[in-house]
There are 2 protein chains.
Amino acid sequence: MRLNIALLGFGNVGRALAELIMSRSEILHQQFGIELCVVGISTGRHGHIVNPNGLDLQRALASVQNGHHLNVLDGNLMLDTEQFIDGCKSDLFFESIPTNPQDGQPALGYARELLGRSCHLVTANKGPVAFGYHELSALAAENNVGFFFESTVMDGAPVHGVLREGLPGATVNRVSGIFNSTTNYILTRMEQDHLSFEDALSAAQAIGIAETDPSLDIDGWDAAIKTTILANVAMQADLRPAEVYRTGIRGIALQDVQQAASRGKRIRLVCEAVCSGDHAVTARVAPVEVDYSDTMAGITGTTSIVSFDTDILPRLTMIEYDPGPFTTAYGMLADMINIVRGRSDTRPVLR
Amino acid sequence: MRLNIALLGFGNVGRALAELIMSRSEILHQQFGIELCVVGISTGRHGHIVNPNGLDLQRALASVQNGHHLNVLDGNLMLDTEQFIDGCKSDLFFESIPTNPQDGQPALGYARELLGRSCHLVTANKGPVAFGYHELSALAAENNVGFFFESTVMDGAPVHGVLREGLPGATVNRVSGIFNSTTNYILTRMEQDHLSFEDALSAAQAIGIAETDPSLDIDGWDAAIKTTILANVAMQADLRPAEVYRTGIRGIALQDVQQAASRGKRIRLVCEAVCSGDHAVTARVAPVEVDYSDTMAGITGTTSIVSFDTDILPRLTMIEYDPGPFTTAYGMLADMINIVRGRSDTRPVLR
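1. Here's the deal with the relation of the copies chain A and chain B
Step number 1: For the match of chain A to chain B, the screw axis carries a shift of 0.0 Å, the RMSD comes to 0.0 Å, and the turn is 180°. The superposition of one copy onto the other is thereby described by a two-fold rotation axis. It is A:Met318 whose C-alpha, among those of chain A, lies nearest the rotation axis, at 2.3 Å.
Step number 2: Interface residue correspondence from chain A to chain B reaches 100%, placing this contact among same-surface, isologous pairings.

Here's what the structure looks like:
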């Protein structure tokens, strides 16, 4: 089957996805019978272009990487994202524009628009999921399309895949873990290399895992957004990020890390959401001293971890070690494959 | 939809499954639209019975738990398993007879028979999967039915679910972990309570996690069988359990455990299968001294762990903490739900 796809967002994640699509085309064809045709690319600063006969992905990558506009490609230029969505005849959209932690916009609006037009949607953007999971899921079901978002938590590790496919009929009572890799990297450098908070932050910025304005990570917002997503998806809660009790790591000094170590403990930015029955969920993100014997103490650098406590498996834990540049993009590719395989449909298909 | 099911095997796992089916009937109906009707039960020592109109599961449980024959139920008695398979008109069979580590029989033959008759098959029995995975998968695909076996490795933790649904298109290069809980319990008791190997084994037998003849666990056979299954499923190898380099823990003395501890290490029965390209896989099971900082060192008691190293996620690890009596049965229930949802089909369904 041929699937027309469009890339809404062509930053680091979108471009890694484009490379993955090219390098895995044979596997997609042989293992899953999928032939992809990229009919639209929308960028933040290099224009928006559509072509129902397919765009030259290699050329699009080269153009944008060299800072050029997409107008060098064969296709029709669109004025803005709205016009792009309107003019792009794609079966499935990959959305990876930057996350807005206040209200998830404009991606939330784009998601409504796309699902409402019966387009499948794969997003790596935490905004629409944190602010609109229930609404968007219902909209996707109404329109009989897929709405998947594996890459919103722990990059491409199959966290949502496990919830959807691995724990059917089980009830999740608690979700916990370490979801923000920037703060975990900073804490690890402080404890292993005795860096001050400021120096560890600079080191994170130097290797490109912390932004110039690092407050989204440092103050726990990114972790709170991911905790919100897991609470709402795994426990059918209806939280918003601002409702998560949130303490970041800005106040943690090297001395705190060293004193914890002297007591056999490590400081981790622990995320937790607990259900006290009937979908009443309380969530928090805060630095916690965990014992060396705790699995979370062994989570260092950019590695991340999630645990699901359920009514049937007492605890199921997943760890994603050292994600690479393609892991987030891989989560989006896996979502696409799973939508094509009908995994967004949970109704019986037998008989 | 109504699904006729049959239980082939009614020991600890089969009976736990029966209880789960009863206690989760509302969830199965509400969340998945499934109504189950048990049309056959085959036991090792209490007879074989079929009834196309449904058997009284509660009564069957009570009978067998009290040591009685199933002939107290309404239905037609069958002489043996072969006649049971022939006479039981079930859409899906749950198979949980004991594992034969030599050749997987007679379960392997039953699996051929059932899949050849276009019955869906869910098995918790390691034998047929370790000795016939490729053959049985092909047979299931030919007959357009599901053949799932989540509970063969790490109880009901979604290990196979993650391979099938969470890592599509990825290539697994290495599988490793701790797959046998009896030996891990023994090693944990030796290191934590300074028990001799013999006393720790007796303790495992006392709580019912080691058999009277514990050689299958102690000598690494169970671990080798599970390693075979994962190598064949995750890396398309074609191993048999006897081809796994295998050393058990019979030779481990308390002194070894204590000397390892004095070097900051713990002894774990580590399972590993490594692909050196083109499905050429080497596998081994052996006691290994792992560093305290290794995640495997923190795996104590009956907890188990598996790691997949892939070409795209450098390492994905899953840990199942403290499985309860229903976790193996839950894996079978999850398999059934996933078969009903069409998850055994990987072909595109879009358009």
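After that view of the structure, there is still more to cover.
2. As for the domain arrangement of chain A
Residues and elements named next belong to chain A.
Step number 1: Taken domain by domain, chain A consists of domain 1 (2-166 + 326-340) and domain 2 (172-322).
Step number 2: On a C-alpha basis, the centroid separation for the pair domain 1 and domain 2 is 28 Å.
Step number 3: Taken together, the contact between domain 1 and domain 2 spans 20 residues of the former and 25 residues of the latter.
Step number 4: In total, about 1900 Å² of surface goes out of reach between domain 1 and domain 2, with carbon and sulfur atoms giving 77% of it.
Step number 5: Counting across the domain 1 and domain 2 interface gives one salt bridge.
Step number 6: Note that Asp-222 and Lys-126 form a salt bridge whose closest N and O atoms lie 3.5 Å from each other.
Step number 7: Applying the counting rule to domain 1 against domain 2 returns one residue pair in polar contact (both at pLDDT 80 or more).

3. Things to note about the nonpolar core
Step number 1: Ranked by size, the top nonpolar core spans 237 residues in total, and within it A:Phe94, A:Met336, B:Phe94 and B:Met336 carry the most contacts.
Step number 2: Apart from residues no more than four positions distant in its own chain, A:Phe94 is found in contact with A:Ile5, A:Ala6, A:Leu7, A:Leu8, A:Leu17, A:Ile21, A:Val122, A:Met332 and A:Met336.
Step number 3: Listed in part, the 18 residues of the second largest apolar core include A:Ala297, A:Tyr321, B:Ile178 and B:Ile319.

4. Here's the deal with the interface of chain A and chain B
Step number 1: At the junction of the two partners, chain A supplies 54 residues and chain B supplies 54 residues.
Step number 2: Between chain A and chain B lies a buried interface of about 4800 Å² when both sides are counted; carbon and sulfur atoms form 58% of it.
Step number 3: Remark: the boundary between chain A and chain B carries six salt bridges.
Step number 4: Note that A:Arg341 is salt-bridged to B:Glu165, the shortest N-O span being 3.4 Å.
Step number 5: Counting every contact that joins chain A to chain B gives 25 residue pairs in polar contact (both at pLDDT 80 or more).

5. Points about the sheet that holds strand 10 (residues 265-275) of chain A
Step number 1: Judged by pairing direction, the sheet is mixed, and its twelve strands sit side by side in the order 9(A)-11(A)-10(A)-8(A)-12(A)-13(A)-13(B)-12(B)-8(B)-10(B)-11(B)-9(B) without closing on themselves. Every other strand in the sheet has two partners, leaving strand 9 (245-246) of chain A together with strand 9 (245-246) of chain B as the edge strands with one partner each.
Step number 2: Against the sheet, helix 11 (residues 221-235) of chain B makes contact with strand 8 (172-178), strand 9, strand 10 (265-275), strand 11 (281-291) and strand 12 (304-310) of chain B, and its axis sits at roughly 35° relative to strand 10 of chain B, the strand it touches most.

6. Looking at unusual backbone geometry
Step number 1: Residue A:Pro106 is reached from A:Gln105 by a cis peptide bond, and omega for that bond is 0°.
Step number 2: Checked against the element boundaries, A:Pro106 lands in the loop between strand 5 (92-95) and helix 5 (107-116).
Step number 3: At A:Met154, a residue that is not glycine, the phi angle is positive and equals roughly 55°.
Step number 4: Inspection of the secondary structure puts A:Met154 in the loop between strand 7 (147-148) and helix 7 (159-166).
Step number 5: Accessibility expressed as a relative area gives 2% for A:Met154, which makes it buried.
Step number 6: Even without a glycine there, the phi angle at B:Asn144 is positive, about 60°.

7. Looking at the state of the cysteines
Step number 1: Scanning the model with the defined rule gives zero disulfides over all chains in all.
Step number 2: The thiol of A:Cys275 is not disulfide-bonded; the next cysteine sulfur, from A:Cys271, is found 18 Å away.

8. A word on the pairing of strand 13 (residues 315-321) of chain B
Consecutive side chains of a regular strand alternate in pointing toward one face of the sheet and then the other.
Step number 1: For strand 13 of chain B, the tally of buried residues reaches six of seven residues, placing the bulk of the element in the interior.
Step number 2: In this structure, strand 13 (residues 315-321) of chain A lies alongside strand 13 of chain B, joined through seven bridges in antiparallel fashion. When the sheet's bridge partners are listed, A:Met318 is paired in strand 13 of chain B with B:Met318.
Step number 3: The pairing of strand 12 of chain B with strand 13 of chain B spans five bridges and is classified as antiparallel. Paired with B:Ser304 across the two strands is B:Glu320, which belongs to strand 13 of chain B.

9. Some thoughts on helix 1 (residues 12-23) of chain A
Step number 1: Relative to the 16 Å expected for twelve residues at 1.5 Å per residue, helix 1 of chain A spans 16 Å between its end C-alpha atoms, a close match to the ideal helical length.
Step number 2: Along helix 1 of chain A, the residues classified as buried are A:Gly14, A:Arg15, A:Ala16, A:Leu17, A:Ala18, A:Leu20 and A:Ile21.

Rules used in this analysis
- Residues numbered from 1 in each chain as written.
- Chains lettered and ligands numbered in written order.
- Predicted model: local features only at pLDDT ≥ 70, side-chain atom pairs only at ≥ 80, totals over all residues.
- Heavy atoms only, no water.
- Least-squares fit on C-alpha atoms with pLDDT ≥ 70 in both.
- Contact = heavy atoms within 4.5 Å.
- Domains from an automatic or database assignment.
- Buried area = accessible area lost by both parts, 1.4 Å probe.
- Salt bridge = Lys/Arg side-chain N within 4 Å of Asp/Glu carboxyl O.
- Polar contact = N/O pair within 3.5 Å; in protein donor to acceptor, adjacent residues only side chain to side chain.
- Core = buried A, V, L, I, M, F, W, Y, C linked by side-chain atoms within 4.5 Å.
- Buried < 20%, exposed > 50% of the residue type's maximum accessible area, 1.4 Å probe, protein only.
- Pairing = 2+ DSSP bridges.
- Helix = DSSP H or I, 4+ residues; strand = E, 2+ residues; numbered from the N terminus.
- Axes fitted to C-alpha atoms, helices over the stretch in contact; angles between N-to-C directions.
- Disulfide = S-S within 2.5 Å.
- Expected span 1.5 Å × (residues − 1).

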